[in-house]
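Residue-level structure breakdown
Listed below are the residues making up each chain.
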Amino acid sequence: MKHEEMLKINSINVFNEISNGISTVLEISKRLGISHTTVEKVCDDLTKRNFIKTYTEKQGTPGRRKVKYAVSDLHYCVYVEESKECFSCIFINTELYAIERFDKIKFVYTIPLSEVVQRVVRSITLRDDYKKFCHGVYVSCYEESAPLFPKEFNIINKEEFIANSLKTDNEILLFEFPQKCILSVYGNIIHTNAKRKGIEHVFTPNKIITLKKPYFEEIFSSLKACAIENMKKKL
């Protein structure tokens with residue numbers, strides 16, 4: 001295997017561990033079975049490329065502070081939700097912080113809907129860090145607005161977006177929404193008209209996630225997950 005290929009594999013594996021909360025060279029080295037030196041080199045490279053960041057924590061005893069790693073908080077996704085009055089936009093980074101939010105009011109001074117949508121798009125895409133650090137724009141909107149957004153913006157159904165973003169490959173998860181249930185069986189999404197009790201007769205979910213509108217907490221967690229998954233694709 002070529003050096004470049006091995007570096008990419010190690011970068012992906014190290015980044016996966018860090019995104020799962022494994023924060024030290026020692027822990028990463030043990031879990032991946034590669035040397036401390038290799039882990040340190042990969043972490044140095046990922047830090048220079050702004051995929052991860054370093055931080056230190058106070059130790060219980062005097063001495064040198066231990067260096068730890070976390071996913072860089074420069075990266076983010078954007079969520080746009082349309083209501084009767086406005087388009088609400090919020091930027092969520094990999095630490096679940098809202099780094100920006102704004103509203104664009106609809107139907108003011110007879111401005112057409114297409115122009116309002118364009119103002120939303122410009123406010124997002126003209127950010128200095130958009131091309132480098134934005135990993136997706138996800139839009140929940142009415143049918144008439146959907147064609148007005150550019151193709152690179154993702155038009156979503158909120159429930160499906162949450163289930164697809166928060167599913168795992170090693171569990172059976174039941175997402176129980178007010179009007180429907182969505183089942184994730186080892187990463188495969190199953191749409192069903194069955195209710196929770198009927199599903200539990202057939203499957204034994206590892207976890208049942210009951211959600212109530214407006215789903216903001218779950219949507220923000222989904223945005224974080226999308227940002228991290230899309231970062232992996234660029235390693």
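This is a predicted model, so every value here is computed, not measured. (Residues numbered from 1 in each chain as written. Predicted model: local features only at pLDDT ≥ 70, side-chain atom pairs only at ≥ 80, totals over all residues. Heavy atoms only, no water.)

A short note on the packing of helix α2 (residues 25-32) against helix α3 (residues 36-48)
Two numbers describe how α2 lies on α3: the axes approach to 9 Å, and their chain directions differ by 115°. Like other packed secondary-structure pairs, α2 and α3 cross with a definite hand, here right-handed. Contact residues: α2 offers V25, L26, I28 and S29, while α3 offers H36, V39 and E40. Partitioned by chemical class, the residues of the contact of α2 with α3 number four nonpolar, two polar and one charged. (Axes fitted to C-alpha atoms, helices over the stretch in contact; angles between N-to-C directions. Helix = DSSP H or I, 4+ residues; strand = E, 2+ residues; numbered from the N terminus. Left-handed = near helix turned anticlockwise from the far one by under 90°. Contact = heavy atoms within 4.5 Å. Nonpolar A, V, L, I, M, F, W, Y, C, P; charged D, E, K, R; others polar.)

Considerations on unusual backbone geometry
Omega for the peptide link from K213 to P214 comes to 15°, which places this bond in the cis form. Its location among the elements puts P214 in the loop between β11 (207-210) and α8 (216-233). Although it is not a glycine, L96 sits at a positive phi angle of roughly 65°. The topology assignment puts L96 in the loop between β4 (86-93) and β5 (98-105). What makes L96 partly exposed here is its relative accessible area of 40%. You will see that Y186, though not glycine, has its phi angle at about 50°, which is positive. Along the chain, the position of Y186 falls in the loop between β9 (181-185) and β10 (188-192). (Buried < 20%, exposed > 50% of the residue type's maximum accessible area, 1.4 Å probe, protein only.)

Structural notes on the side chain of D129
The topology assignment puts D129 in the loop between α4 (113-125) and α5 (130-133). Accessibility expressed as a relative area gives 19% for D129, which makes it buried. Excluding residues within four positions of it along the chain, D129 makes contact with Y76 and C134.

A look at the sheet that holds β9
One open sheet holds the four strands; their spatial order is β10-β9-β8-β11, and the pairing between them is mixed. Looking at which strands have only one partner, the edges of the open sheet turn out to be β10 and β11. Each strand of the sheet is rotated relative to its neighbour by a mean of 20°, with strand direction disregarded. When β9 meets β10, the two strands line up antiparallel, connected through five bridges. Paired with L183 across the bridge in β10 is I190. (Pairing = 2+ DSSP bridges.)

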